[in-house]
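Architecture at a glance
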Amino acid sequence: MSKEPKTKSKELMYKVILAGDGAVGKTSLIEKFMTGKFEKDYKMTLGTSIFAKSLSVDGSSVKLIVWDLAGQPHFKFVRAGFYLGATGALLVYDVTRKSTLENLENWRAEMEKNTGGDVSASVVVGNKCDLDNLREVKKGEGKAYADGINAPFFETSAKSGDNVENVFLALARGIIKCKGV
Ligand code: G3D
Ligand code: MG
């Protein structure tokens, strides 16, 4: 897919990817965003799923083509192609597992390597904020990481829906800002 926006009925189209360790809630987030439903059955993502959704951002219509990657290390070899042409990324960790935040740097490195640094906007997402009793990562720690890479930050719950839409809006807004539309 081209990195440049494609114009169809004045709608801009961008490929974005969901990056983050297995079971942080990437598939749950995109499913919640698409349907408003939270799927309780966990199915390991095999390969890639692709979702499309149009958003209205500050008067512009933007279509996000969201690629949901296999986060499991044994699928690493298939990931390279999924980064191709990506303009934006959600970097997702799980607030109940600190290692998933620490691993975001590895995800970023892999992304940079495979896109040549062409991902123009990222948003850092601390998911599962409904599980406050199991929390291992303070909100401030996620925010500090996001500030360090100059990205917006949100805590979300794919279960309750908290901030799910805001994350995708922020990503679309970041892309538009970067592309100077
Ligand atoms: P992944 O796509 O990143 O691998 P999934 O992650 O979306 O498949 O989610 C992994 C597990 O976390 C699933 O639970 C899912 O229901 C749960 N989950 C995802 N988001 C949230 C959330 O915001 N809050 C809570 N409480 N759970 C969440 P199971 O138990 O089926 O493995
Ligand atoms: Mg998944």
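Now for a look at the structure at hand. (Residues numbered from 1 in each chain as written. Chains lettered and ligands numbered in written order. Predicted model: local features only at pLDDT ≥ 70, side-chain atom pairs only at ≥ 80, totals over all residues. Heavy atoms only, no water.)

1. Focus: the overall build of the chain
In terms of regular secondary structure, the chain is built from six helices and six strands. For the chain, the α and β elements follow one another from N to C terminus as β-α-β-β-α-β-α-α-β-α-β-α. Across the 181 residues of the chain, 46% fall into the buried class. Counting contacts in the chain only where the partners sit at least 6 residues apart, residues at least 24 apart contribute 73% of the total. Carbon and sulfur atoms form 52% of the exposed surface of the chain, whose accessible area is close to 8900 Å². (Helix = DSSP H or I, 4+ residues; strand = E, 2+ residues; numbered from the N terminus. Buried < 20%, exposed > 50% of the residue type's maximum accessible area, 1.4 Å probe, protein only. Contact = heavy atoms within 4.5 Å. Areas by Shrake-Rupley, 256 points an atom, 1.4 Å probe, with all protein chains shown as cover.)

2. Overview of the sheet that holds strand β3 (residues 60–68)
Sheet architecture is open: six strands sit in the order β2-β3-β1-β4-β5-β6, paired in mixed fashion. The two strands at the open ends of the sheet, each matched to only one other strand, are β2 (49–57) and β6 (153–155). Direction aside, the axes of adjacent strands within the sheet are offset by 25° on average. Relative to β3, β2 is paired through nine bridges, and the arrangement is antiparallel. Note on β3: the bridge partner recorded for alanine 52 is isoleucine 65. (Pairing = 2+ DSSP bridges. Axes fitted to C-alpha atoms, helices over the stretch in contact; angles between N-to-C directions.)

3. Concerning the environment of leucine 12
On the secondary structure map, leucine 12 appears in strand β1 (residues 12–19). Distance from leucine 12 to serine 60, taken between C-alpha atoms, is 8.2 Å for residues 48 residues apart in sequence.

4. Concerning helix α6 (residues 164–179)
It helps to recall that an α-helix has 3.6 residues per turn; residues three or four apart then point in one direction. Its 16 residues place the ends of α6 23 Å apart at the C-alpha level, agreeing with the 22 Å of an ideal helix rising 1.5 Å per residue. Where α6 is concerned, the buried positions are Val164, Val167, Phe168, Leu169, Ala170, Leu171, Ala172, Ile175 and Ile176. (Expected span 1.5 Å × (residues − 1).)

5. Section: the side chain of glutamate 155
Within the fold, glutamate 155 resides in strand β6. A distance of 2.8 Å separates polar atoms of two side chains, one belonging to glutamate 155 and the other to arginine 135. Here glutamate 155 is in contact with Val95, Gly126, Cys129, Arg135, Val137, Lys139, Asp162 and Asn163, once residues within four sequence places are set aside. (Polar contact = N/O pair within 3.5 Å; in protein donor to acceptor, adjacent residues only side chain to side chain.)

6. Remarks on the pattern of salt bridges
Applying the stated criterion across every chain, the model contains eight salt bridges. Ionic pairing is found between aspartate 94 and arginine 97, a salt bridge with its closest N-O pair at 3.2 Å. Among the charged side chains, a network of salt bridges with common partners joins Asp94, Arg97 and Lys128. (Salt bridge = Lys/Arg side-chain N within 4 Å of Asp/Glu carboxyl O.)

7. Examining unusual backbone geometry
Unusually for a residue other than glycine, alanine 23 sits at a positive phi of about 70°. The phi dihedral of asparagine 163 falls on the positive side, at around 65°, and the residue is not glycine. Mapped onto the elements, asparagine 163 comes out in the loop between β6 and α6.

8. A few points about the nonpolar core
Judged by nonpolar contacts, the single largest core of 30 residues is most densely connected at Leu55, Leu64, Val66, Leu90 and Phe168. When contributions to this core are tallied by element, the ones reaching two or more residues are β1, α1 (26–35), β2, β3, β4 (88–94), β5 (121–127) and α6. Leave out the neighbours within four places in its chain, and phenylalanine 168 touches Leu29, Ile30, Phe33, Leu55, Leu64, Val66 and Leu90. In this structure, Leu91, Leu101, Leu104 and Tyr145 belong to the second largest nonpolar core, which totals 24 residues. (Core = buried A, V, L, I, M, F, W, Y, C linked by side-chain atoms within 4.5 Å.)

9. A closer look at the packing of aromatic side chains
Inspection of every chain in the model, using the stated rule, returns two aromatic pairs. Judged by centre distance (6.0 Å) and plane angle (55°), the rings of tryptophan 67 and phenylalanine 82 are tilted. Separated by 15 residues along the polypeptide, tryptophan 67 in strand β3 and phenylalanine 82 in helix α2 (residues 76–83) bring together distant segments of the chain. Look at tryptophan 67 and you get buried, because its relative accessible area is 15%. (Phe/Tyr/Trp six-rings, centres within 6.5 Å; stacked < 30°, edge-to-face > 60°.)

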